[in-house]
Amino acid sequence: YILNNTGLTFNSSTVNGITTINGTTGKLTTASANIGGWDVTSSQITKTSSSGTITLNSSNAQITLGSTAYTAGIATPDTNSATDIVFWAGGSRGIGANFYVRADGTVKMSSAIITGYATSSDLTTTNNTVATKADTSTVNTALAGKISTGNAASDVNNNTTTISGNSIVTGK
């Protein structure tokens with residue numbers, strides 16, 4: 001090491017000035033370090049605990065958090081495109097993640113648990129149809145056994161009225 005009025009310089013066997021401390025500002029400059037269990041390199045800071053790993057990475061401008069089973073993160077847009085993914089969870093950054101938000105604010109969720117309710121005045125649609133907002137096979141599966149379909153159209157078209165138990169079907 002070299003100590004003088006400009007500061008302190010550490011040399012390795014292969015690199016001169018691998019770590020320096022500026023005598024005027026006190027600024028520490030080094031190629032890598034471990035500070036309080038955080039691994040520091042020229043492009044990232046990482047710490048792993050029993051709960052998972054957190055990484056701040058300047059080379060791809062993102063923060064990732066990961067456990068053995070799950071990954072989440074936040075990042076700047078890759079290409080400055082509206083479709084760039086800026087938040088994600090449930091997988092790595094990309095359209096395969098279970099949840100993500102694009103730079104334009106579009107949200108994609110593979111699954112969600114929503115509590116409470118919404119009234120029709122709370123909802124708006126572009127074409128006033130549910131089909132434009134939901135996958136009909138998912139809706140049909142969710143409604144199976146809850147809504148019975150019958151021959152109402154043919155009954156109306158045939159001008160028939162029937163009373164059976166607590167059901168009235170009328171066509172005339």
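Attention in this report is confined to the structure presented alongside it. These figures come from a predicted structure and were not determined experimentally. Numbers given to residues run from 1 along each chain, matching the order in which its sequence is written. In view of the model being predicted, local features appear only for residues whose pLDDT reaches at least 70, and side-chain atom pairs are presented and counted only at 80 or more, with totals across whole chains, interfaces and linings using the full set of residues. Excluding hydrogens and water, the side-chain figures rest on all heavy atoms present in the structure.

### Focus on the nonpolar core
Right, so step 1: We define a nonpolar core as any set of buried Ala, Val, Leu, Ile, Met, Phe, Trp, Tyr and Cys residues linked to one another through side-chain atoms lying within 4.5 Å. Three labels apply to residues, based on accessible area from a 1.4 Å probe with only protein chains included: buried if under 20% of the type maximum, exposed if over 50%, partly exposed otherwise in between. In terms of nonpolar packing, the biggest core is built from five residues, these being Ala 75, Ile 85, Trp 88, Ala 97 and Tyr 100.
Right, so step 2: The contact criterion used is simple: two residues touch if any of their non-hydrogen atoms lie within 4.5 Å. Ignoring anything within four residues of it in the chain, the contact list for Ala 97 reads Trp 88, Ala 89, Gly 90, Gly 91, Ser 92, Lys 108 and Ser 110.

### Structural notes on the pattern of salt bridges
Proximity of charged atoms lets side chains of opposite charge pair with each other.
Right, so step 1: Salt bridges are defined as contacts in which a side-chain nitrogen from Lys or Arg sits within 4 Å of a carboxyl oxygen from Asp or Glu. With the rule as written, the count across this model stands at two salt bridges.
Right, so step 2: Arg 93 is the partner of Asp 78 in a salt bridge, and the nearest nitrogen-oxygen pair spans 3.1 Å. Here Asp 78 is found in the loop between strand 10 (71-75) and strand 11 (85-89), whereas its partner Arg 93 is found in the loop between strand 11 and strand 12 (99-102), with 15 residues between them in sequence.
Right, so step 3: Taking the relative accessible area as the measure of exposure, Arg 93 reaches 22% and is therefore partly exposed.
Right, so step 4: Its salt-bridge partner being Asp 104, residue Arg 102 comes within 2.6 Å of it at the nearest N-O pair.
Right, so step 5: Under the relative-accessibility criterion, Asp 104 is labelled partly exposed at 40%. Helix and strand definitions here come from DSSP, where helices need a minimum of 4 consecutive H or I residues and strands a minimum of 2 consecutive E residues; each element is numbered from the N-terminal end.

### Describing unusual backbone geometry
Peptide bonds are, in most cases, trans, and in most cases residues other than glycine have a negative phi.
Right, so step 1: Backbone geometry at Ala 61 places phi at a positive 50 degrees, although glycine is not the residue there.
Right, so step 2: Locating Ala 61 in the fold gives a position in the loop between strand 8 (52-57) and strand 9 (62-66).

Worth remembering: the numbers are spatial, not functional.
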